[in-house]
Amino acid sequence: VRNQQTLDKEVIYVCPFNGAVKGRLYVTNYRLYLRSVEIDPVVILDVPLGVIARIEKMGGASSRGENSYGLDITCKDMRNLRFALKQEGHSRRDIFEILTKHAFPQSHNLPFFAFVNEEKFAENGWMVYNPMSEYRRQRLPNEQWRVTFINEHYGLCDTYPSLLVVPYNATDDDLKKVAAFRSRNRIPVLSWIHPENQAVVMRSSQPLVGMSGKRNKDDERYLDIIRDANGQISKLTIYDARPSVNAVANKATGGGYEGDDAYPNAELFFLDIHNIHVMRESLKKLKDIVYPNVEESHWLSSLESTHWLEHIKLVLTGAIQVADKVSSGKSSVLVHCSDGWDRTAQLTSLAMLMLDSYYRTIVGFEVLVQKEWISFGHKFASRIGHGDKNHADADRSPIFLQFIDCVWQMSKQFPTAFEFNEQFLITILDHLYSCRFGTFLYSCESVREKEKVTERTLSLWSLINSEKAKHTNPFYTKELNRALYPVASMRHLELWVNYYIRWNPRIRQQQPNPVEQRYMELLALRDDYMRRLEELQITNNSKISNSSTSSASPSQMMSHVQTHF
Amino acid sequence: MFSLKPAKPTFKSYLLPQVEDKITPEPKIKKLEPVLLPGEIVVNEVNFVRKCIATDTSQYDLWGKLVCSNFKISFITDDPMPLQKFHYKNLLLGEHDVPLTCIEQVVTVNDTKRKQKVLGPNQKLKFNPTELIIYCKDFRIVRFRFDEAGPESAKKVCLAVAHYSQPTDLQLLFAFEYVGKKYHNPATVNGIDPGGGGSGSGQQTPLFETYSDWDREIKRTGASEWRVCSVNEGYMISTCLPEYFVVPSSLADQDLKLYSYSFIGRRMPLWCWNHSNGSALVRMANIKDVLQQRKIDQRICNAITRSHPQRSDVLKSDLDKCLPNIQEIQAAFIKLKQLCVNEPFDETEEKWLSSLENTHWLEYVRSFLKHSAELVYMLDSKHVSVVLQEDEGRDLSCFVASLIQVMLDPYFRTIVGFQSLIQKEWVMAGYQFLDRCNHLKRADKESPLFLMFLDSIWQLLEQYPSAFEFSETYLTILYDSTRISLFGTFLFNCPHQRVKQSTEFAISKNIQLGDEKGLKFPSVWDWSLQFTRRDRMLFHNPWYIGKSASCVQNGSVKSFKRTKKNYSSTLRGIPPSLKNGIINEQEFLPRRNSLILKLKPDFLQQMDSQTNSMEQYFREWFSKPVDLHGVILPRLSGTHIKLWKLCYFRWVPEAQINNGGFITAFHKISVLTDQVDMLNQSLRQYKSSSSLQANCSELDQSRMYFRANGLNDTAGTPDFLSSSFPFSPIGNLCRRSILGTPLSKFLSGAKIWLSTETLANED
């Protein structure tokens, strides 16, 4: 990491767990680094500036009381940092300015750190996702589905990727007409096709029905073509991720949902997932009960009152329905919400994770994130607020975090089904904020292309794929084509303690995880025994060839073991 | 739903089995005969019964014969279990059987007359039942339908089940009949092994019925200033104490006899365990004699102090003052059961967390763990002896004494050690299993203290998966075994009751006892009575790191010796930046009234510094890597105390994770362990090729339930694994079927049905 050191100062870190710690604070264009002095063991803070949501001055020149003058930093990763300084000589002014400048480069006309990062990795993460190979992996195009380049220059839809898969029987002209009836031109396109029954998962934005209940023949016909494509007689199932009330309310702003009259061959269900504002408030409540101290007296009811797990449950439940409809119901499915870049991305990607074991591998999951989230225009820039000082922006929302939480819940219920471990998910979330990689920067492919992100920055997958062992789940058992349905019940959903409460040393679970650790030890032991056995066999074989008397040689005994070598 | 009317007194001996006017026997039905144990007799039976598998459809229902014996209700069928089945088999019970002592409530229904009746013993039934619902103590709900069965036979079976499952006399429990039969025909069946499961499991569990078991325990723990005392031989002093127990060497038998009058139930202090630093764990009943109280208390404490090598202080902990009582625990249990199995799954989802909190179950589990951990600190760090004091000293003391020893002594985390602990602190110390399990249906004394203890052990197992030799399946099956009235272990209120009752029984049945003190009942620790060798493998925790286990450190294999230095240094280790984590002040503050220090008043004044140093002790302990063969302490935050899902959800179809759950990782590590064992075996054979033949058989002796198919086995997850494994919810809870119908129908939470209606109204 190219670090330009810009500040070095003595401060007091007011740690909520250990009390005040005196230390030296270094600020670079990438990170804030604190090393304690005069205490043992050493306390170290290493925080990428990208995680900073807000920097506040606390106390004034005349404030009384110990450690009352300094800075209070709110982070995007469930913690706050507080530094106290000496009141004399405006000692916090320079540090405040430097932090503000580098934490919010977009607000200061500075580039993201990712653009000056000169790290080198063994792997090139930008090679992980190639839309054409991913569709080919899904055995597309085929007789019913074609790849279209209509959006090559983002002319059809500026928040969609350039490559799209659409029904073979719909012309590019049809697509243009459909785009006119879909919010932000986000037409229904294919996300995933079932290898056997050919049912598909489609995604889009809401139809522009409006108060007057407008209809669009092209959109209606287009959905019918989709329904027809897998040769099943069943209806097309539309999952509207929103609560029905919200969907109705959207009519007022020109949106809406597919009505029965206009779409007699479709069946519509609402999945009751709330909007980005509800999720943001829920996470805020969660932070209140876990940071800095865990609410102990009524932990379970406090947790319940945040509704965080309830939202997780609704997202998972929705995804299970999508997956089940496609897999058991053999019916094609269209998923949308309002714009089709938040809840829709959650639902399609989770359903695909349940249906397709490829996405449960490390590289497969990277492809999934690249495809359903990054290329289809989840607005990372505004949801995360990369480098932007406007911490109260109503566009911010932990939608992607919620998705990763759902993945974690699944990995808890299926300990052997995922190639990646918890650390993999945490690393992704850490770099969702860090701005060290270009992966999550900007909101859509068209902007990323303009900013030359793949040429000028590194991919997060470069880091992860260069140290795969660290992110691998030792219990992973490769399995093909098994649909995985988690139980989306409050009885099984748990708070992800190792993420949300990881800063609290008292709550954090044992690291490394003893269950994994023991397995790794046994693996090493097995390898060691095999090596020793091999050595013995070699020496023994030479002995036998010398004497050749023994009738029951150990190597005969162990023939079933030998097969390995 | 689970409240029972008090059982009315009833006649003492069972009716002879009635000969049923049989329905024309069809050839297919004819061979459906129950498998009976010695002494077991069929009381009543009815053919053409349907066992319901799901409430919403009869398509999976099984046809067969329902039999009520003096031991169990048995459903015998030729139909295979649909969809899923159990993956272990209890040798005493068929797949659909319920032991009578496991029955909580018997409900008969006539759905055409819309009548329902909870059947007590000796009751009349005015309608012909179309349905029989059995609510079980292990959370199952089993349902039978009699649509095609003879109405009279159905009624008789229902009455028989109600009557035989609610006996009023101890000697009516099946174990007596079984044991009596064994004594009558010692030749035809194997003699009863009263020991701790020596046959099959290799190692004998000490039962603490003899002088020598106690003596060995004194020596094992190095309690040199303590002696085994025989004053209660023949139960001459107390009928609720064991015949042998351990007391301070400085107390003479004469003194003990004298003091005993002052204690409730004459339950004088019993030694439990000694720390290697010399401090002892002792339990005793309250002193009822107010005048003598101070004096006796002083003498006892002095004697305990004298038995401490450093003459350390004695800390008395009054458990009644700081822990929930047995009624509160029972109330919590009823709420928990209600929540887990009785209430509709979907309706409890929204408020699940707060409802769970409102049961207080987890809060109570936490309070036992917390209090025990505080006393561990006293024994381990302050080097003081601890006396657990409780009214009779037969309930909370059993729990706390056991928990403290599990935390302090790794021996009690092995299977044999854990079993010996239950013998020592529960069975011998007079925990009233008969009353607390409510085998005789006197609801007011029922309390699931033993289950809560197993739950606390599960919490520790969950937190320290490598520290225990046994698995959670073992703990669950142990809980189930308290509901099988065959084992003497969980049948009585105290050892004396066994002797007295079985002697009476023997006389009435003309059994010659000879020198024996009462009849010998089989011990639950003889697991071969219940499970095959292979099924017992499920008891073994593949994560356990035994004393002699090898481990790899930085790629090289080392054999562990029991030195604290090198042990498990590979396990854990906190990144340096977090090493100075502290324990929240509130976390380990003792409740002031829970710790009463005796003898030295100045000790009391040090209370504040005590609190700080206790905090310090916990903080330091948690900052270090765990020594799995040393002390283990529970993490007590709300995020750490969890619901024991295998035990409470195993019958709930909606809660079952198919192809998933922790068991899939269990399977994976078992296969790997098996491979390591195989290799180890081969290596040893190479090294001692002379004894090649002798070792041959060892090859087949795997420790693991799940075995490796050679070294190339990549161990795909078997299809039958689920979060309920080895149990199965199918047919064990009257619930909607979850399999075979579109999954989305069972998804709760998303109010999609409501929404569709809303949508319809909209249009």
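Every chain is numbered independently, its residues counted from 1 as its sequence is written. By the order in which they are written, chains take letters starting at A while ligands take numbers starting at 1. Selection of residues for local features in this predicted model requires a pLDDT of at least 70, selection of side-chain atom pairs for listing and counting requires 80 or more, and totals for whole chains, interfaces and linings are taken over all residues. To obtain the side-chain values, all non-hydrogen atoms of the structure were used and water was disregarded.

In the nomenclature of an unreviewed UniProt entry, chain B is known as Myotubularin-related protein 10 of Chelydra serpentina. UniProt positions are given in the numbering used here, feature names are shortened, and annotations may be inferred rather than shown by experiment. What UniProt states about chain B under its Sequence similarities (unreviewed entry) heading is, verbatim, "Belongs to the protein-tyrosine phosphatase family. Non-receptor class myotubularin subfamily."

In the annotation of an unreviewed UniProt entry, chain A is listed under the name Myotubularin and assigned to Chelydra serpentina. Per UniProt, chain A carries the Sequence similarities (unreviewed entry) text "Belongs to the protein-tyrosine phosphatase family. Non-receptor class myotubularin subfamily."

(A) Structural context of the UniProt feature "domain: Tyrosine specific protein phosphatases" (unreviewed entry) in chain A. Residues given the UniProt feature "domain: Tyrosine specific protein phosphatases" (unreviewed entry) here are residues 306-353 of chain A. Between the end C-alpha atoms of residues 306-353 of chain A there is a gap of 27 Å, over a span that is 67% helix and 8% strand. Note on conventions: DSSP H or I runs of at least 4 residues are helices, E runs of at least 2 residues are strands, and numbering of each starts at the N terminus.

(B) Broad picture of the packing of aromatic side chains. Residue and element names in this part refer to chain B. Aromatic pairs are defined between Phe, Tyr and Trp rings, using the six-membered ring for Trp, whenever the two ring centres lie within 6.5 Å; interplanar angles under 30 degrees are classed as stacked, those over 60 as edge-to-face, and all others as tilted. Applying the stated criterion to the full structure yields 84 aromatic pairs over all chains. The interplanar angle of 65° and the centroid separation of 6.3 Å between the aromatic rings of Phe418 and Tyr474 together place this pair among those described as edge-to-face. Separated by 56 residues along the polypeptide, Phe418 in helix α14 (residues 415-427) and Tyr474 in helix α17 (residues 472-481) bring together distant segments of the chain. Arranged with centres 6.2 Å apart and planes meeting at 40°, the rings of Phe450 and Phe453 form a pair that is tilted. You can see Phe450 and its partner Phe453 sitting in helix α16 (residues 449-463), 3 residues apart, about one turn around the helix. Judged on exposure class, the residue Phe450 and its partner Phe453 are both buried. Each residue is placed in one exposure class: buried if its accessible area under a 1.4 Å probe, protein chains only, is under 20% of its type's maximum, exposed if it is over 50%, and partly exposed if it falls in between.

(C) Highlighting the UniProt feature "active site" (unreviewed entry) in chain A. Residues and elements named next belong to chain A. The UniProt feature table records "active site" (unreviewed entry) at Cys337. Position of Cys337 relative to the elements: it lies in the loop between β14 (333-336) and α9 (343-355). We call two residues in contact whenever any of their non-hydrogen atoms come within 4.5 Å of each other. The residues contacting Cys337, other than those within four sequence positions of it, are Ser204, Ser205, Gln206, Asp240, Ala241, Arg242, Asp342, Arg343 and Thr344.

(D) Broad picture of helix α1 (residues 93-103) of chain A. Residues A:Ile95, A:Phe96, A:Leu99, A:Thr100, A:His102 and A:Ala103 constitute the buried set of α1(A). Tucked inside the fold, the buried residues of α1(A) contact β1 (5-15), β2 (19-28), β3 (31-36), β5 (52-58) and β6 (70-75) of chain A.

(E) Local environment of the sheet that holds β2(A). Residues and elements named next belong to chain A. Taking strand neighbours across the sheet as the criterion, the 7 strands line up as β4-β3-β2-β1-β7-β6-β5 in an open arrangement whose pairing is antiparallel. In the strand order of this sheet, the two ends are held by β4 (44-48) and β5, each with one partner. For this sheet the average axis-to-axis angle between neighbouring strands, irrespective of direction, equals 30°. With 5 bridges connecting them, β6 and strand β7 (residues 80-84) associate as antiparallel partners. Paired with Thr74 across the bridge in β7 is Asn80. What makes two strands pair is DSSP finding at least two bridges between them. Helix axes are fitted to C-alpha atoms over the stretch in contact, other axes to C-alpha atoms as well, and angles between N-to-C directions run from 0 to 180 degrees.

(F) The side chain of B:Ser637, seen in detail. For B:Ser637, the location among the structural elements is in the loop between α21 (607-623) and α22 (645-649). Polar contact is the term for a pair of N or O atoms within 3.5 Å; when the atoms are in protein, one must be able to donate a hydrogen and the other to accept it, and sequence-neighboring residues count only if both atoms are side-chain atoms. Here A:Glu296 takes part through its side chain, which lies 3.0 Å from a polar atom of the side chain of B:Ser637.

(G) Geometry of helix α12 (residues 361-380) of chain B. Between its terminal C-alpha atoms α12(B) stretches 28 Å, which fits the 28 Å expected from 20 residues at 1.5 Å a residue. Burial within α12(B) is extensive, with 18 of its 20 residues counted as buried. Expected span, for any helix, means 1.5 Å times one less than how many residues it has.

(H) Up close: the confidence of the model for chain B. All names here are of chain B. You can read pLDDT as the predictor saying how much it trusts each residue, on a scale of 0 to 100. Confidence along chain B averages 82 in pLDDT terms, with 79% of residues attaining 70 or more. For the stretch residues 1-29, pLDDT sits under 50, and the model shows 52 contacts to residues farther than four places along the chain or on other chains. With pLDDT under 50 throughout, residues 196-201 is counted as low confidence; its partners more than four residues away or in other chains account for 19 contacts. This prediction of the complex comes with two scores: 0.90 for pTM and 0.93 for ipTM.

(I) Main features of the sheet that holds strand β10 (residues 189-193) of chain A. Residue and element names in this part refer to chain A. Ordered by their spatial adjacency, 5 strands build an open sheet running β10-β11-β14-β12-β13, and the pairing between neighbours is mixed. A single partner strand is all that each edge strand has here, and the edge strands are β10 and β13 (266-270). Within this sheet the neighbouring strands show an average axis-to-axis angle of 25°, counted without direction.

(J) Fine view of the pairing of β7(A). Residues and elements named next belong to chain A. By the bridge criterion, 2 bridges tie β1 to β7 in an arrangement that is antiparallel. Pairing of Tyr13 across the sheet is with Phe83, part of β7. Linking β6 back to β7 in an antiparallel pair, the connection comprises 4 residues, with Met78 at a positive phi of about 70°.

(K) Expanded view of the pattern of salt bridges. By convention in these notes, a salt bridge is any Lys or Arg side-chain nitrogen within 4 Å of a carboxyl oxygen on Asp or Glu. Applying the stated rule across the entire model yields 74 salt bridges over all chains. In this structure, A:Asp174 engages A:Arg221 in a salt bridge whose closest nitrogen and oxygen atoms are separated by 2.9 Å. Taken together, the residues A:Asp174 in helix α3 (residues 172-180) and A:Arg221 in helix α4 (residues 217-228) connect sequence positions 47 residues apart. Of the residues examined, A:Asp174 reaches a relative accessible area of 11% and is grouped as buried. Judged by relative accessible area, which is 43%, A:Arg221 ranks as partly exposed. Here B:Lys642 ties to B:Glu462 by a salt bridge, and the two come within 3.7 Å at their closest N and O atoms. Of the two residues, B:Lys642 is situated in the loop between α21 and α22 and B:Glu462 in helix α16; the sequence distance between them amounts to 180 residues.

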